[in-house]
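Each chain is listed here by its residues.
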Amino acid sequence: NSNIAAKKIVYFGEHLRNVFGLKTGNYNNDFLLSFINKTGIDESLARDLVSHINYMSQQSRVSDHELIVLNQLIEKFYIQSGSYGK
């Protein structure tokens, strides 16, 4: 699961760079503000997603539930931002 989570985070970061021109790598408060402004998603979703990415990046083991939550947050992002399939 941790390998899948890491790959999902990398792929998501690549999407943010290519579609929105965001600089990824540091998912901090500066990133969060740019993330919200450039993507137009709800602040609560942005905070949840960034927080979960930061949490997952620190874990050596990832449970099924944690991986499912990550996937659900990313899917919500794609839907809210209108960038699904771009």
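Remember, predicted model here, so these are calculated numbers, not experimental data.

Caption draft 1: Layout of the environment of Ser 63. Take Ser 63: it is sitting in the loop between helix H3 (43-58) and helix H4 (64-81). Overall, Ser 63 belongs to the partly exposed group, its relative accessible area being 32%. As a C-alpha pair, Ser 63 and Leu 16 span 47 residues in sequence and 25 Å in three-dimensional space.

Caption draft 2: Structural detail: the packing of aromatic side chains. Taken as a whole and assessed by the stated rule, the structure comprises eight aromatic pairs. Geometrically, the ring pair formed by Phe 12 and Phe 35 is edge-to-face, given 6.4 Å between the ring centres and 90 degrees between the ring planes. Of this pair, Phe 12 sits in helix H1 (residues 2-20) while Phe 35 is found in helix H2 (residues 29-39), placing the two residues 23 residues apart along the sequence. Of the two residues examined, Phe 12 and Phe 35, each falls in the buried class. Three or more aromatic residues link up through ring pairs in this structure, and these residues are Phe 12, Phe 20, Tyr 27, Phe 31, Phe 35, Phe 77 and Tyr 78.

Caption draft 3: Local environment of the pattern of salt bridges. Per the counting criterion, the structure on display carries one salt bridge. Of the charged contacts in the structure, one is a salt bridge between Arg 47 and Glu 43, with a shortest N-O distance of 2.9 Å. A residue pair is termed a helical-turn pair when its members lie 3 or 4 positions apart in one helix, as Arg 47 and Glu 43 do in helix H3 at four residues.

Cut-offs and rules
- Residues numbered from 1 in each chain as written.
- Predicted model: local features only at pLDDT ≥ 70, side-chain atom pairs only at ≥ 80, totals over all residues.
- Heavy atoms only, no water.
- Helix = DSSP H or I, 4+ residues; strand = E, 2+ residues; numbered from the N terminus.
- Buried < 20%, exposed > 50% of the residue type's maximum accessible area, 1.4 Å probe, protein only.
- Phe/Tyr/Trp six-rings, centres within 6.5 Å; stacked < 30°, edge-to-face > 60°.
- Salt bridge = Lys/Arg side-chain N within 4 Å of Asp/Glu carboxyl O.

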